[in-house]
Amino acid sequence: MKRSQREAEESSRRIGRRTLVLGGAQALFAGVLALRMRQLQVTQADEFRLLAEENRINIRLIPPARGILYDRQGHVIAENEQNYRIVIVREDAGDPEQALARLTRLVRLDDETVERALKEIRRHSPFVPVTIADRMRWEEVAGVAVNAPVLPGITPEVGQSRHYPMGPDFAHVVGYVGPVSDYDLSKLEDPDPLLQIPRFQIGKTGVEAKEEELLRGKAGTRRIEVNAAGRVIRELDRIDGQPGSDLQLTIDAGLQNFMQARLGEESAAAVVLDIEHGDVLGIASSPSFDPNKFVQGISVADYRALTGTPFRPLSNKAVQGAYPPGSTFKVVTALAALEAGVITPEDTVWCPGYLKLGERRFHCWSRGGHGHVNLTESLQQSCDVYYYDVGQRVGIDNIAAMARKLGLGVHHDLPMSAVAEGLAPDRAWKRARYGQEWQVGDTLNASIGQGYVLATPLQLAVMSARIASGRAVTPRLVRSIDGVEQPSGAGAPLDIHPVNLARIRKGMDAVVNSRRGTAHRSRVVAEGMAMAGKTGTSQVRNITAAERAAGVFRNEDLPWERRDHALFVAFAPVEAPKVAVAVVVEHGGGGSAVAAPIARDITLRALYGRVPPGEAYPSDQRWEAERRLNDLPLRDPGSFASGGRSRA
Amino acid sequence: MSYLEYNVKRVPTGLSKVLYVNWALVLLLTAVAGIGFMMLYSVAGGRLEPWADPQMKRFALGMTVMFVVAFVPIWFWRNMAALAYGISVLLLVAVDFFGTVGMGAQRWIDLGVFRLQPSELSKITLVMMLAAYYDWLDIRHVSKPQFVALPLLLILLPTALVLKQPDLGTALLLIAGGGIIMFLAGVHWAYFAVVVAGGVGLVSAVFASRGTPWQLLKDYQFRRIDTFLDPSSDPLGAGYHITQSKIALGSGGWAGRGFMQGTQSRLNFLPEKHTDFIFTTLAEEFGFIGGISLLALYVLIIVFCISSAMQTRDRFSSLLTLGIAATFFLFFAVNMSMVMGLAPVVGVPLPLVSYGGSAMLVLLAAFGLVQSAHIHRPRGR
């Protein structure tokens, strides 16, 4: 492309003119920058120099006091303790190793602590205070303060740390707090500046984690003047933060303590619900652990001990453990059948000890069979064949719908970690999950609470509460926040005919209080305290035909992890139900022999409000029951010397 | 004047090109980078690690790149302009898919050896593309609407991609840089008047949209504007940067506190002290004299570029040189305004001084283009 000379000159003239304009604008802007620099650095220099040098203004965050947790009687479950700690600033200390060596002569510090402190000092900038040790005794801190002149850069400080006076009793419910980790920070979009404070503690599990926002409170700020040496000259102003909200839980600390003690070292869980409001009165999981160890920073050995056992102490089995509910699920099948109209209470089923489906035999737990069985008898004796037959007739979709109505296979929103949903399987579920059609055999298994069905102890307690009350009772863990009552979980009446519910209750009554009931040994004889319930023994293994022919192994002869789970759901008193209870003992054996006695003790403790008297037990069991209860390592929740609310 | 004429006039070839390098510019760039090394050494507390040493290595690499680019004839670069622009747009698209998220925005492509920031590259390739475009375009057509629309599209394409990352600072720089080239190329005044009016309208629209579901900026971007307007409203949060930065500048006074004596930066009052806020360290430690000297060096670089541009004879060379100079100007002007509290905090580094690989390499490569235009201009008759 050839252009004329003239055009090229015109073009470069035009660029020249525009360049002049642009250059002028740039020069003008550079001039503005220079003037601004002059204004800041020369005209206002004195003012800024004052701010920066003579009285450097620091803005310090005032960490708010974390909210206190109380039980339903006002006993403190989680509180804040004064915590003396020793802090080092590398810049002022000079040689940190030497400073620490001098410090070890004053206070006892183990090598691990010193090592960790040195590592942390090296990681941070020289002016960042690093905590060497916390939870010091007052005498040690005083010693450090007195010797301050020979310990440059090392100062004692007072802060607050979380303390759980009831230790293991509430480890699973309340959880524990710990220092903010990088992982915690990475999860937050706009982290609270508080979290940047070294060793600031936030909830890691349980209520502490789930209600973190409420419990943490808002940071206050303090503007202080410090001189060049870092000494605080005066406080200019402060904006007080807002302490975290206090939470009152629905749990009864005495009952909770009793439940944990009663479960003992079994791998087990138990839940007690107040039927009127859905209040979780007690929710125990054993074995437990001491949450205070986590707050202080748990040692590797202790942590290994907690994670290295099949009893899983860190897991909150009451809400995280999903178990095949076994025969406790029969109430669901029965209720679904009654509601669908496929059976009447008087209809009987012939039980020869098994049900034949094609070539396959589905066995009843009683080899000899139960003979003719009606509804009440089927619950009372827990006849499997009755439910194979009835389950087949009512269909899995009706059973699953009833299970959900009763609170199984649905999420219950409690502020606890990893609340499991369980599973109420139906045709659609199996198609979506496995891409297979539902088989009749699946229905038979589900009818007796085996196969795909899974429920947590909490869900079983909810089921019991709903059957007992006829209302959609919803569990509630937080009773009030800063004194403001939270909505009740009483729930609306269930869409189930009251007569049918009464029939199921009658069956559950028979389980415990009639001579042939599977839990007859665990009956209550005290006036107006009678308990109704349903036993469950859920298999965790398949019984082969060969084994069945040779005689089924007894649980005691099997390794622990292959034994059956023992379950029991209950409500009491039978006439006017107040509490609903569920107990699951992992690999405990039979529901009637293992779970029912525990459930009775816990139910009575909840009804009496104290350790139950011997009179409540049948006369032949009285002596044994009194001895058992006396041997429990109980503690009175009022006996914990508690600082209560301490706010520095 | 066409490229054919270059062959007629005397154009340096071979090793003689070394004599025609704009050595004054090389010296100025080195001086600015040297100030950068000193400041990075200082903010690291008197250590070469972690910033000064890698920065020096990158500068050495960047200088090599600059000379390689400089010795390649300028008409080669003109022919490469469209290709370079295309590649940089593709890279911006690629960032969306393969980019790494850093500091809350997706800006990087990890190449294994180093991480590339395509938005840096696009600032220069856009200038090249526009210069080549106006070189090709007949001067009589520059103000015709259809020939104004095309460069607008060329500007808005990378801008939109950068805005999506999101990187408001770079997006504004792209618009400003592109607009300046269009202005220099002689597009009619009226267009700019319309754009300014439109800009005012857009700003009002942005503020009107706040809090509505279709709001045009992210919340943090609104917050930055709030803090700029009133830093004391949030002294602990976003306003912290500006307040502390002003204190650092002010406390430097006339002559500063002396090398490595700045308390504000050394005590970590300043975040991003080694990148966007490095000027405050300079101003604190060397005072008004230090700050104004750096400003003077920058202005001199611009002056040398403009004078070089006035001596080149083809439109591509002069527009390219002026465009790169203008982009460079925008960099330091925006950064300085930001740290002195004249503009909201947008992520624009101080050119050649702030710690950062992509920005330095790309800038030095751009000055290689300026040098190439300078070397390969026809001389004498």
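Residues numbered from 1 in each chain as written. Chains lettered and ligands numbered in written order. Predicted model: local features only at pLDDT ≥ 70, side-chain atom pairs only at ≥ 80, totals over all residues. Heavy atoms only, no water.

**Describing the overall build of chain B**
Phase 1: If you tally the helices and strands in chain B, you get 15 helices and three strands.
Phase 2: Out of the 381 residues belonging to chain B, those deemed buried represent 56%.
Phase 3: Roughly 15400 Å² of accessible area belongs to chain B as shown, and the carbon and sulfur atoms make up 71% of that amount. (Helix = DSSP H or I, 4+ residues; strand = E, 2+ residues; numbered from the N terminus. Buried < 20%, exposed > 50% of the residue type's maximum accessible area, 1.4 Å probe, protein only. Areas by Shrake-Rupley, 256 points an atom, 1.4 Å probe, with all protein chains shown as cover.)

**So, unusual backbone geometry**
Residues and elements named next belong to chain A.
Phase 1: For the bond running from Ser286 to Pro287, omega is -5°, close enough to zero to count as cis.
Phase 2: By the element assignment, Pro287 lies in the loop between strand S12 (280-286) and helix H12 (291-296).
Phase 3: Cis geometry is adopted by the peptide bond preceding Pro573, which originates at Ala572 and carries an omega value of -10°.
Phase 4: Among the secondary structure elements, Pro573 is positioned in the loop between strand S20 (565-572) and strand S21 (579-585).
Phase 5: In this structure, Arg312 takes a positive phi of about 45° despite not being glycine.
Phase 6: Looking at the element boundaries, Arg312 is found in the loop between helix H13 (300-307) and helix H14 (317-320).
Phase 7: Positive phi, close to 50°, is recorded for His587, a residue that is not glycine.
Phase 8: Secondary-structure assignment places His587 in the loop between S21 and helix H24 (591-608).

**Details of a nonpolar patch on the surface**
Phase 1: A cluster of nonpolar side chains, namely Leu15(B), Val18(B) and Trp23(B), defines an oily patch on the protein surface of about 330 Å² accessible area.
Phase 2: Residue position: Trp23(B) is located in helix H3 (residues 23-43). (Patch = residues over 30% accessible without salt bridge, like charges linked within 9 Å, V, L, I, M, F, W, Y side chains within 5 Å. Salt bridge = Lys/Arg side-chain N within 4 Å of Asp/Glu carboxyl O.)

**Things to note about the UniProt feature "active site" (unreviewed entry) in chain A**
Residues and elements named next belong to chain A.
Phase 1: On the UniProt side, "active site" (unreviewed entry) is annotated at positions that read Ser327 here.
Phase 2: Relative to the assigned elements, Ser327 resides in the loop between H14 and helix H15 (330-340).
Phase 3: Residues within four places of Ser327 in sequence aside, it is in contact with Ser382, Asp384, Ile448, Lys534, Thr535, Gly536 and Thr537. (UniProt positions renumbered as here; feature names shortened; annotations may be inferred. Contact = heavy atoms within 4.5 Å.)

**Here we look at the UniProt feature "transmembrane region" (unreviewed entry) in chain B**
Residue and element names in this part refer to chain B.
Phase 1: UniProt's feature table lists "transmembrane region" (unreviewed entry) at residues 20-44, 56-76, 82-101, 146-163, 170-192, 286-307, 319-346 and 352-370, given in the numbering used throughout.
Phase 2: From the first C-alpha to the last, residues 146-163 spans 25 Å; its make-up is 100% helix and 0% strand.
Phase 3: Annotation note: span residues 170-192, helix share 87%, strand share 0%, distance between end C-alpha atoms 20 Å.

**What to know about the pairing of S20(A)**
All names here are of chain A.
Phase 1: Of all eight residues in S20, eight are buried, a share of seventy percent or more.
Phase 2: Along S20, one buried face is formed by His565, Leu567, Val569 and Phe571 and the opposite face, lined by Ala566, Phe568, Ala570 and Ala572, is buried too.
Phase 3: Bridging between strand S19 (residues 532-538) and S20 involves seven bridges; their strand directions are antiparallel. Bridge pairing links Gly536 to Leu567 in S20. (Pairing = 2+ DSSP bridges.)

**Re a negative patch on the surface**
Residue and element names in this part refer to chain A.
Phase 1: Residues Asp110, Asp111, Glu112 and Glu115 make up a contiguous surface patch of negative charge.
Phase 2: Among the secondary structure elements, Asp111 is positioned in helix H5 (residues 111-123).
Phase 3: Owing to a relative accessible area of 66%, Asp111 belongs among the exposed residues under this scheme. (Lys, Arg positive; Asp, Glu negative; His and termini not counted. Charge placed at Lys NZ, Arg CZ, Asp CG, Glu CD.)

**Some words on the domain arrangement of chain A**
Phase 1: What the domain assignment reports for chain A is domain 1 (83-160) and domain 2 (253-638).
Phase 2: Here the C-alpha centroids of domain 1 of chain A and domain 2 of chain A sit 54 Å apart. (Domains from an automatic or database assignment.)

**With respect to the pattern of salt bridges**
Residues and elements named next belong to chain A.
Phase 1: Enumeration according to the criterion identifies 25 salt bridges over all chains in this entry.
Phase 2: Notably, a salt bridge pairs Arg137 with Glu140, separated by 3.5 Å at the nearest N-O pair.
Phase 3: Arg137 sits in the partly exposed class, given a relative accessible area of 42%.
Phase 4: Here Glu140 falls in the buried class, since its relative accessible area comes to 15%.
Phase 5: The shortest N-O distance in the salt bridge between Arg431 and Glu437 comes to 3.0 Å.
Phase 6: Taking relative accessible area as the criterion, Arg431 reaches 41% and is therefore assigned partly exposed.
Phase 7: Judged by its relative accessible area of 45%, Glu437 falls in the partly exposed class.
Phase 8: Residues joined by salt bridges that share partners form a network here, namely Arg66, Arg162, Glu208, Glu212 and Arg216.

**Examining the packing of helix H6 (residues 118-136) of chain B against helix H8 (residues 168-185) of chain B**
Residues and elements named next belong to chain B.
Phase 1: The N-to-C vectors of H6 and H8 enclose an angle of 15°; their axes lie 10 Å apart at closest approach. Relative to H8, H6 is oriented roughly parallel. Both H6 and H8 take part in a crossing whose hand is right-handed. Contacts between H6 and H8 involve Ser119, Ser122, Lys123, Leu126, Val127, Leu130, Ala131 and Tyr134 from the former and Thr170, Leu173, Leu174, Gly178, Ile181, Met182 and Ala185 from the latter. (Axes fitted to C-alpha atoms, helices over the stretch in contact; angles between N-to-C directions. Parallel < 35°, antiparallel > 145°, perpendicular 65-115°, else oblique. Left-handed = near helix turned anticlockwise from the far one by under 90°.)

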